[in-house]
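Here is how the chains run, residue by residue.
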Amino acid sequence: MALISAESVERVKQAADIVEVISAHTDLRRQGARWVGLCPFHEERTPSFSVDAQERLYHCFGCGVGGDTIKFVEEKEGLNFAEAVELLADRYGVELEREREDPQAEARRLQRRRLGELLDRTAGFYAGYLWDAPESAKAREYLGERGLGEEVLREFGVGYAPSAWDTVLLRGQRAGFDVGQLRAVGLAQKGRGGGEYDRFRERIMFPIRDRRGRTLGFGGRAMRSDQGAKYVNTAETDFFHKSHMLYGIDRAKEAIAKAGRALVVEGYTDVLALHQAGFRESVGVMGTAITEEQVKALSGMVDTVVLALDADAAGQEAMLRAQRVAAGRKMRLLVAAVPAGEDPAEMMAAEGGAERFRALVEEAMDLAAYQVGLVLDRTDTGSPAERDRAMAEIAPILAGMGEGASRDDIVRRVAERLDFEPALVMGRVTAAQPTSGGPGQAAEAEPAPVPRRGGGELTSRERRERSLLAMCIALPEQGSGYLKRLTEQHLSTLGIRAVAWLRSNLQDPASNLPHDDDELAGLIAELVIVANDEPASVEAMELNFLLLEQRRIENEIAAAGERDDYERRALLSRERAELVERIARTERVGG
Ligand SMILES: [Zn+2]
């Protein structure tokens, strides 16, 4: 299968009715030139999701997602670009033409597919071996003792790796795979003597699959206590990044969408036990903390994630990072407080355990509140030094939370317990904010490194930048001039990408969205929708440009000051004064 031709992609885009495609996921109402509705990507009560049927684009002014019909199908169905095109072609009766691709890219794609086959075949072999081989009896017994039935084990493809040194190696080679391929997917490894042998031996095997059920790696649990590590995973390869994977996502994704939440646990058997007990929205993180990548993967599907992890054991740093990513995506991370020394698999096996677990999930509390509680619990409030240490730990947790009533509540509780003034606690939180600028900095700091998607969280520079770029699309003749004048010094990092892209796509930005840069595609969709909807004028463009220019000069003045380059600073200050005059004149003209 070669690449789908660009003409075919174009015909699919023209044939597919974006309003119809999106209407399957949310109700859309016509409002002027646009269609609006509740965003199918984030929880909201008032519609901020917009569809432009002419341009065939969507954009959410609440959470910032956006793109074309193909992008929408990719996101909602968990497909890649080619698969989304195929699905739409099928649905709208478009015949796809394929073109020859660059031989190197083709070789890479074929190799990748071949490696995928190897992994799937091997997963099938392990699964068969668990049920049929006499040497797997003790593994079957172990799984049975943990209360896991055959049905769930088969559903998740749980298997067993033989104790021999080279079963998978030989089988693989007999099926036409070479040692390099076996090594590339982490099934074979080099021994000290230089020979190759099976990485997984005498272990219960849990295939780790992606959203679409393709096996990308394995987790293997030792059967004997003298067998080295209790769990061995596939090593990190081009193919497999453990920190990106969610164990069980292929089996859980529908239940997650339906429940509107995901339950996140640590281990393989936890996931199996929970699915068996009816908690089908459960996935595993294969570690003690949820990673940023895992949060991102879930953020497209749900807005609430309940962590049934040992939140105390998880490094606080890791949890803070996950929390910041979640806050930036308007996602709630909750903690279900599983009692110390117990895990969900054990709870499911015990009498009444499922009910107890359900209650813990229902009572789950905000991750930040939970972590603050942990710090307070282990603080001796009689000691001033201890109280200071606790405050230092708590400040970044609350800073990562974002403003809101629930944070104010926690601030009050902390102030009471540590016997500080609430204002002092708040001051420490503000100081720990990643966005806060020290004295001497420009009043308006550069965009914070915190991930943001919501339109409400833009800095004024980003708002100006977007307003100018939307007008460049609305008035392309003047716009191309401004695109030439804008430099990196005027723009945010995303703005730099947008300008570079618009320079070559200004005539028809809607029909050729980049599909390898989601953030950029989302921004372009937004700009096109705004361009079609909001008034543009040459005066307003000039004003926005001059304001960006003013910001650039001010940044340069600050930089010159830091270098003690007073001559340069004086020169720039004169430039700024002239500029301020021009801005005032332009504002008068623009009315
Ligand atoms: Zn949204």
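Residues numbered from 1 in each chain as written. Predicted model: local features only at pLDDT ≥ 70, side-chain atom pairs only at ≥ 80, totals over all residues. Heavy atoms only, no water.

A. The arrangement of the nonpolar core in detail. Within the largest apolar cluster, 60 residues are counted, with the highest numbers of intra-cluster contacts made by Tyr126, Val158, Leu187, Ile204, Tyr247, Leu272 and Phe357. Here this core takes eight residues from helix α5 (residues 103-132), the largest share from any one element. Beyond its immediate stretch of four places on either side in the chain, tyrosine 247 contacts Phe156, Phe206, Pro207, Ile208, Tyr268, Val271, Leu272, Val283, Gly284 and Met286. With 41 residues, the next largest nonpolar core counts Ala470, Cys472, Leu513 and Leu523 among its residues. (Core = buried A, V, L, I, M, F, W, Y, C linked by side-chain atoms within 4.5 Å. Buried < 20%, exposed > 50% of the residue type's maximum accessible area, 1.4 Å probe, protein only. Helix = DSSP H or I, 4+ residues; strand = E, 2+ residues; numbered from the N terminus. Contact = heavy atoms within 4.5 Å.)

B. Looking closely at the pattern of salt bridges. The full count for this structure, using the stated rule, is 36 salt bridges. Aspartate 565 is the partner of arginine 563 in a salt bridge, and the nearest nitrogen-oxygen pair spans 3.6 Å. By relative accessible area, arginine 563 is classed as exposed at 52%. For aspartate 565, a relative accessible area of 27% corresponds to the partly exposed category. What emerges from the salt-bridge pattern is a single network uniting Arg378, Glu386, Arg389 and Glu393. (Salt bridge = Lys/Arg side-chain N within 4 Å of Asp/Glu carboxyl O.)

C. Spotlight on the pairing of strand β4 (residues 49-52). Both faces of β4 are covered, namely the face carrying Phe49 and Val51 and the face carrying Ser50 and Asp52. Where strand β3 (residues 34-37) and β4 come together, three bridges link them in antiparallel fashion. From the neighbouring strand, glycine 37 faces β4, where its bridge partner is phenylalanine 49. Both β4 and strand β5 (residues 57-60) contribute to a ladder of four bridges, which runs antiparallel. If you follow valine 51 over to β5, its bridge partner there is tyrosine 58. Counted between consecutive antiparallel strands, the loop separating β4 from β5 contains four residues, among which arginine 56 sits at a positive phi close to 60°. (Pairing = 2+ DSSP bridges.)

D. Focus on the side chain of threonine 122. Secondary-structure assignment places threonine 122 in helix α5. Residue classification places threonine 122 among the buried positions, given a relative accessible area of 6%. At 2.7 Å, the side chain of threonine 122 forms a polar contact with the backbone oxygen of leucine 118. (Polar contact = N/O pair within 3.5 Å; in protein donor to acceptor, adjacent residues only side chain to side chain.)

E. Focus on the confidence of the model for the protein chain. Looking at the protein chain as a whole, its pLDDT mean stands at 87, while 94% of the residues score no less than 70. Mean pLDDT across the elements of the protein chain bottoms out in helix α13 (residues 316-328) (76) and peaks in strand β8 (residues 159-161) (98). Within the model, the stretch residues 435-456 combines pLDDT values under 50 with 35 contacts to residues more than four positions away or in other chains. (pLDDT = per-residue confidence, 0-100.)

F. Structural context of the sheet that holds strand β15 (residues 282-284). One open sheet holds the five strands; their spatial order is β15-β14-β16-β17-β18, and the pairing between them is mixed. Looking at the sheet topology across the chains shown, the edges are occupied by β15 and β18 (365-366). Where strand β16 (residues 304-307) meets strand β17 (residues 332-335), four bridges bridge the pair, whose relative direction is parallel. Within β17, the residue paired with leucine 307 across the bridge is valine 335. In this fold helix α10 (residues 249-259) packs onto β14 (261-265) and β15, with an angle of close to 135° to the strand it touches most, β15. (Axes fitted to C-alpha atoms, helices over the stretch in contact; angles between N-to-C directions.)

G. Quick look at unusual backbone geometry. The backbone of arginine 56 sits at a positive phi, close to 60°, despite the residue not being glycine. With respect to the secondary-structure elements, arginine 56 resides in the loop between β4 and β5. Its relative accessible area of 24% is what places arginine 56 among the partly exposed residues. Even without being a glycine, glutamate 202 presents a positive backbone phi close to 55°. Along the chain, the position of glutamate 202 falls in the loop between β10 (196-198) and β11 (203-209).

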